[in-house]
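Reading the structure
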Amino acid sequence: KNQVEQSPQSLIILEGKNCTLQCNYTVSPFSNLRWYKQDTGRGPVSLTIMTFSENTKSNGRYTATLDADTKQSSLHITASQLSDSASYICVVSAAGNAGNMLTFGGGTRLMVKP
Amino acid sequence: NAGVTQTPKFQVLKTGQSMTLQCAQDMNHNSMYWYRQDPGMGLRLIYYSASEGTTDKGEVPNGYNVSRLNKREFSLRLESAAPSQTSVYFCASSEDGARVYGYTFGSGTRLTVV
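In this report, the structure presented in the accompanying data block is examined. (Residues numbered from 1 in each chain as written. Chains lettered and ligands numbered in written order. Predicted model: local features only at pLDDT ≥ 70, side-chain atom pairs only at ≥ 80, totals over all residues. Heavy atoms only, no water.)

1. Thoughts on the sheet that holds strand β6 (residues 56-59) of chain A
Residue and element names in this part refer to chain A. If you walk across this open sheet you meet the five strands as β1-β3-β8-β7-β6, and the pairing is antiparallel. Both edges of this open sheet fall to β1 (4-7) and β6, since each of them pairs with a single strand only. Neighbouring strand axes in the sheet, compared pairwise and without regard to direction, differ in orientation by 15° on average. Strand direction decides the pairing type here: strand β7 (residues 62-67) and strand β8 (residues 72-77), joined by six bridges, are antiparallel. Counted as the bridge partner of Thr-63 is His-76 from β8. (Pairing = 2+ DSSP bridges. Helix = DSSP H or I, 4+ residues; strand = E, 2+ residues; numbered from the N terminus. Axes fitted to C-alpha atoms, helices over the stretch in contact; angles between N-to-C directions.)

As structure tokens, this is what we get:
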């Protein structure tokens, strides 16, 4: 069964600090991996997408890494801001043509405090 | 640019009542999806529609029905609501089955069944 595990479940950091969120997956065959940001009361919004051949991808202060050999990804947030407080969801897509090829992680809830 | 619009945003039902959650997208996407999100769990696919005129079951379809009314609209119906269906429901759409372009999510419907 395809699975995506995220850690930690929750995290509190001070404004201006960096943090790293982890994602381990057992999805096969692998197509791509996305990180989504979900603000409270809103739907998830895509931050980055990474395919098998990509190791690192940045989107502003967000940097995602992918190790396809160990099936791990991380999302690093630099110089955190209060607006980074949200849930971050790792989503792995399996290769195939069906519409149900995505597996969602449970998310990491990040709180940035002043 | 509305994106994906869900109605209602909040709903309280009594056990056994029925209701329909509405979803509409204005991006001319072919694929549409209904997910539920429960605390500590990843989003789980209820039903999806790969294209107008087709619908398929996802991971947790029991107790739900869907209608792809046209290319823009995809509704989710609870015929006889149960407390286990208390959740936040998200509609999403994608251009290609989400593998490349990802999803655009609506803002969610928070449903409580008492």
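2. Considering the pattern of salt bridges
Residues and elements named next belong to chain B. Per the stated rule, a full pass over the model turns up six salt bridges over all chains. Asp-38 is paired through a salt bridge with Arg-44; the nearest N and O atoms lie 2.7 Å apart. Accessibility assignment for this pair places Asp-38 and Arg-44 in one class, buried. Glu-79 is paired through a salt bridge with Arg-77; the nearest N and O atoms lie 3.1 Å apart. Residue classification places Glu-79 among the partly exposed residues on the basis of a relative accessible area of 41%. Linked through salt bridges whose partners overlap, the residues forming this network are Arg-36, Asp-38 and Arg-44. (Salt bridge = Lys/Arg side-chain N within 4 Å of Asp/Glu carboxyl O. Buried < 20%, exposed > 50% of the residue type's maximum accessible area, 1.4 Å probe, protein only.)

3. Structural notes on the nonpolar core
As a rule of thumb, nonpolar side chains are buried together in soluble globular proteins. Counting residues in each nonpolar core, the largest one holds 25 residues, and the members touching the most others are Tyr25(A), Leu33(A), Trp35(A), Leu75(A), Tyr88(A) and Val92(A). In this structure, Cys23(B), Ile46(B), Val60(B) and Cys91(B) belong to the second largest nonpolar core, which totals 20 residues. (Core = buried A, V, L, I, M, F, W, Y, C linked by side-chain atoms within 4.5 Å.)

4. Thoughts on the sheet that holds strand β7 (residues 64-68) of chain B
Residues and elements named next belong to chain B. Pairing is antiparallel across the open sheet formed by four strands, whose spatial order is β1-β3-β8-β7. With one partner strand each, in any of the chains shown, β1 (4-7) and β7 form the two edges of the open sheet. Pairs of neighbouring strands in the sheet enclose a mean axial angle of 15°, with direction left out of account.

5. Digging into the packing of aromatic side chains
Counted by the stated rule, this structure contains 14 aromatic pairs over all chains. Taking the centre distance of 6.4 Å and the plane angle of 20° together, the rings of Phe104(A) and Tyr103(B) count as stacked. Here Phe104(A), found in strand β10 (residues 102-104), pairs with Tyr103(B), found in the loop between β9 (87-94) and β10 (104-105), and the two come from separate chains. A single burial state applies to Phe104(A) and to Tyr103(B), both of which are buried. On the basis of an interplanar angle of 55° and a centroid distance of 6.4 Å, the ring pair of Tyr35(B) and Phe105(B) is categorised as tilted. Residue Tyr35(B) is found in strand β4 (residues 31-37), and its partner Phe105(B) is found in strand β10; the two are separated by 70 residues along the sequence. The pair Tyr35(B) / Phe105(B) is uniform in exposure class, with both members buried. In this structure an aromatic cluster arises from ring pairing among Tyr36(A), Phe104(A), Tyr33(B), Tyr35(B), Tyr48(B), Phe90(B), Tyr103(B) and Phe105(B). The ring of Tyr62(A) carries the charged tip of Arg61(A) above its face, separated from the ring centre by 5.7 Å. (Phe/Tyr/Trp six-rings, centres within 6.5 Å; stacked < 30°, edge-to-face > 60°. Lys NZ or Arg CZ within 6 Å of the ring centre and 35° of its normal.)

6. With respect to the state of the cysteines
Disulfides are covalent bonds that link the sulfur atoms of two cysteine residues. Evaluation of the coordinates by the stated rule reveals two disulfides over all chains. Put simply, Cys23(A) and Cys90(A) are joined by a disulfide, and their sulfur atoms are 2.0 Å apart. Taking the sign of the torsion about the S-S bond as the criterion, the disulfide between Cys23(A) and Cys90(A), at about -65°, is left-handed. On the criterion of sequence distance, the pair formed by Cys23(A) in strand β3 (residues 19-25) and Cys90(A) in strand β9 (residues 86-94) is long-range, its members being 67 residues apart. By relative accessible area, Cys23(A) is classed as buried at 0%. For Cys90(A), a relative accessible area of 0% translates into the label buried. Across a sulfur-sulfur distance of 1.9 Å, Cys23(B) and Cys91(B) are joined as a disulfide pair. Taking the sign of the S-S torsion, about -70° here, the bridge from Cys23(B) to Cys91(B) comes out left-handed. In this pair, Cys23(B) is assigned in strand β3 (residues 19-25) and Cys91(B) in strand β9, connecting sequence segments 68 residues apart. Judged by relative accessible area, which is 0%, Cys91(B) ranks as buried. (Disulfide = S-S within 2.5 Å.)

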